[in-house]
Amino acid sequence: MGKPASEAVVPRHVAIVMDGNGRWATRRFLPRVAGHKQGVESLRRCVRACVDRGVQVLTVFAFSSENWNRPVEEVSGLMDLMVGALAREVPRLTRDGVKLHFVGERGGLSEKIAAGLLKAEAATATNNRLVLNVCFNYGGRWDIARAAALLATRGEAITEASLDAAMALSHVPDPDLFIRTGGEQRLSNFLLWQSAYAELFFSDKLWPEFDEAALDDAIAAYQRRERRFGQTSAQLADNARRDPQAA
Ligand code: IPE
Ligand code: IPE
Ligand code: MG
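This report concerns the structure included in the present document. What you see is a predicted model; the values in this text were computed from it and never measured.

Each value, and the rule that gives it
- Residues numbered from 1 in each chain as written.
- Chains lettered and ligands numbered in written order.
- Predicted model: local features only at pLDDT ≥ 70, side-chain atom pairs only at ≥ 80, totals over all residues.
- Heavy atoms only, no water.
- Axes fitted to C-alpha atoms, helices over the stretch in contact; angles between N-to-C directions.
- Helix = DSSP H or I, 4+ residues; strand = E, 2+ residues; numbered from the N terminus.
- Parallel < 35°, antiparallel > 145°, perpendicular 65-115°, else oblique.
- Left-handed = near helix turned anticlockwise from the far one by under 90°.
- Contact = heavy atoms within 4.5 Å.
- Nonpolar A, V, L, I, M, F, W, Y, C, P; charged D, E, K, R; others polar.
- Buried < 20%, exposed > 50% of the residue type's maximum accessible area, 1.4 Å probe, protein only.
- Pairing = 2+ DSSP bridges.
- Near = heavy atom within 4 Å.
- Polar contact = N/O pair within 3.5 Å; in protein donor to acceptor, adjacent residues only side chain to side chain.
- Areas by Shrake-Rupley, 256 points an atom, 1.4 Å probe, with all protein chains shown as cover.
- Core = buried A, V, L, I, M, F, W, Y, C linked by side-chain atoms within 4.5 Å.
- Salt bridge = Lys/Arg side-chain N within 4 Å of Asp/Glu carboxyl O.

Side note on the packing of helix 2 (residues 32-53) against helix 7 (residues 212-224)
Packing of helix 2 against helix 7 brings their axes to within 10 Å, and their N-to-C directions diverge by 50°. One finds that helix 2 runs oblique with respect to helix 7. In the crossing of helix 2 with helix 7, the sense of the turn from one axis to the other is right-handed. Judged by residue contacts, Arg-45, Ala-49, Cys-50 and Arg-53 of helix 2 engage Glu-212, Leu-215, Asp-216 and Ile-219 from helix 7. Classifying every residue of the contact of helix 2 with helix 7 gives 4 nonpolar, no polar and 4 charged.

Things to note about the pairing of strand 6 (residues 199-202)
Where burial is concerned, the two faces of strand 6 differ: the one with Glu-199 and Phe-201 is buried and the one with Leu-200 and Phe-202 is not. In this structure, strand 5 (residues 177-180) lies alongside strand 6, joined through 4 bridges in parallel fashion. Note on strand 6: the bridge partner recorded for Ile-179 is Phe-201.

A closer look at the site of ligand 1
The environment of ligand 1 is made up of 13 residues, and the closest members are Asp-19, Gly-22, Arg-23, Arg-32 and Arg-70. One of the backbone nitrogen or oxygen atoms of Asn-21 is found 3.1 Å away from an oxygen atom of ligand 1. Within the backbone of Gly-22, a nitrogen or oxygen atom sits 2.9 Å from an oxygen atom of ligand 1. For ligand 1, the accessible surface in isolation is 380 Å², of which the surrounding protein chains cover 87%.

Let's talk about the nonpolar core
Core analysis: the largest hydrophobic core is formed by 42 residues, its most contacted members being Ile-16, Leu-58, Leu-132 and Ile-179. Ranked by residues supplied to this core, first place goes to helix 3 (residues 72-95) with 7 residues. Apart from the residues lying within four places of it in its own chain, the contact partners of Ile-179 are Val-14, Ala-15, Ile-16, Val-17, Phe-201, Phe-210, Leu-215 and Ala-218. Membership of the second largest hydrophobic core comes to 16 residues, among which are Trp-142, Leu-169, Val-172 and Leu-191.

Re the side chain of Ser-195
Looking at where Ser-195 falls in the secondary structure, it is placed in the loop between strand 5 and strand 6. The exposure class assigned to Ser-195 is buried, which follows from its relative accessible area of 10%. At 3.0 Å, the side chain of Ser-195 and the backbone oxygen of Leu-191 are in polar contact. Excluding residues within four positions of it along the chain, Ser-195 makes contact with Pro-175 and Phe-178.

Remarks on the sheet that holds strand 4 (residues 130-138)
Ordered by their spatial adjacency, 6 strands build an open sheet running 3-4-2-1-5-6, and the pairing between neighbours is parallel. The sheet is open, and its two edges are formed by strand 3 (98-103) and strand 6, each paired on a single side. Strand-to-strand, the axes of this sheet are offset by a mean angle of 20°, without reference to chain direction. Pairing of strand 2 (residues 57-64) with strand 4, which is carried by 7 bridges, proceeds in the parallel orientation. In the strand pairing of strand 4, Phe-61 is matched with Cys-135.

Here's the deal with the site of ligand 2
Surveying the vicinity of ligand 2 reveals the residues Val-17, Met-18, Asp-19, Phe-61, Ala-62, Phe-63, Asn-67, Arg-70, Arg-180, Arg-186 and Ser-188. Within the contact set of ligand 2, an oxygen atom lies 3.2 Å away from a side-chain nitrogen or oxygen of Arg-70. Between an oxygen atom of ligand 2 and a side-chain N or O atom of Arg-180, the distance comes to 3.3 Å. Burial of ligand 2 by the protein amounts to 77% of the accessible area it has alone, namely 390 Å². The element that contributes the greatest number of residues to the shell around ligand 2 is strand 2, accounting for 3 residues. When the residues that make up the shell around ligand 2 are grouped by side-chain class, the tally is 5 nonpolar, 2 polar and 4 charged.

Here's the deal with the pattern of salt bridges
Under the counting rule described, the total for this entry stands at 22 salt bridges. When the shortest N-O distance is used, the salt bridge between Arg-32 and Glu-74 registers 2.7 Å. In this pair, Arg-32 sits in helix 2 while Glu-74 sits in helix 3, placing the two residues 42 residues apart along the sequence. Among the residues examined, Arg-32 registers a relative accessible area of 34% and is labelled partly exposed.

Here's what the structure looks like:
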């Protein structure tokens, strides 16, 4: 049973696998890179919509560790798009109060991109309406293995808490709502650790078509879910009666 609309809570952290750019382009007889370009427009719209709705953290999957296996011209097109977006988007993000974080292995990126990421992060560091984590050259397994290796190097015990603190999204709470567009129902190595209790929402819309109304549908579906975190419905009702603020 979900909560009535009057109590509806906006998810604090939304994570999105932005999938379907290639099919969007192919259906229009365009090169796949044109779909990725349209995907950047869709992301811009989504960021704005999240700011307007009071979402505090948005984490998006822009390029996976596995996406290097795509044709070279598509990979280089994606890298060029990133360079262009880094040069262009910062003023708008700052106007909207968006603080950027890039998450992923930077070692494999060109000097130009690596420098651009640092510059964009520094330029938006004091913005405080929305944290936007862009996962680029990211994989959930990479994240877990890297955190474990870090703890081993420091000689620290591996516990849930220490691993969590060593992972790439330790600066934000876990995602509440995990959206994947493009019709596939899989995680594709995104936020494996952090999504343990995220509500999953799969949309058939291709990412370039995912607009404000589609985001609102996903948020409304989230608001109808009951998040039990292992407890029973009766326990939740009891908790809510005892502490209406926390429910
Ligand atoms: C997602 O769209 C964007 C990236 C993986 C970079 P796709 O490019 O996977 O689009 P489809 O799934 O082929 O349609
Ligand atoms: C996941 O989409 C990666 C991104 C959206 C960046 P893919 O299109 O690469 O995933 P698979 O290959 O269909 O699992
Ligand atoms: Mg895809």
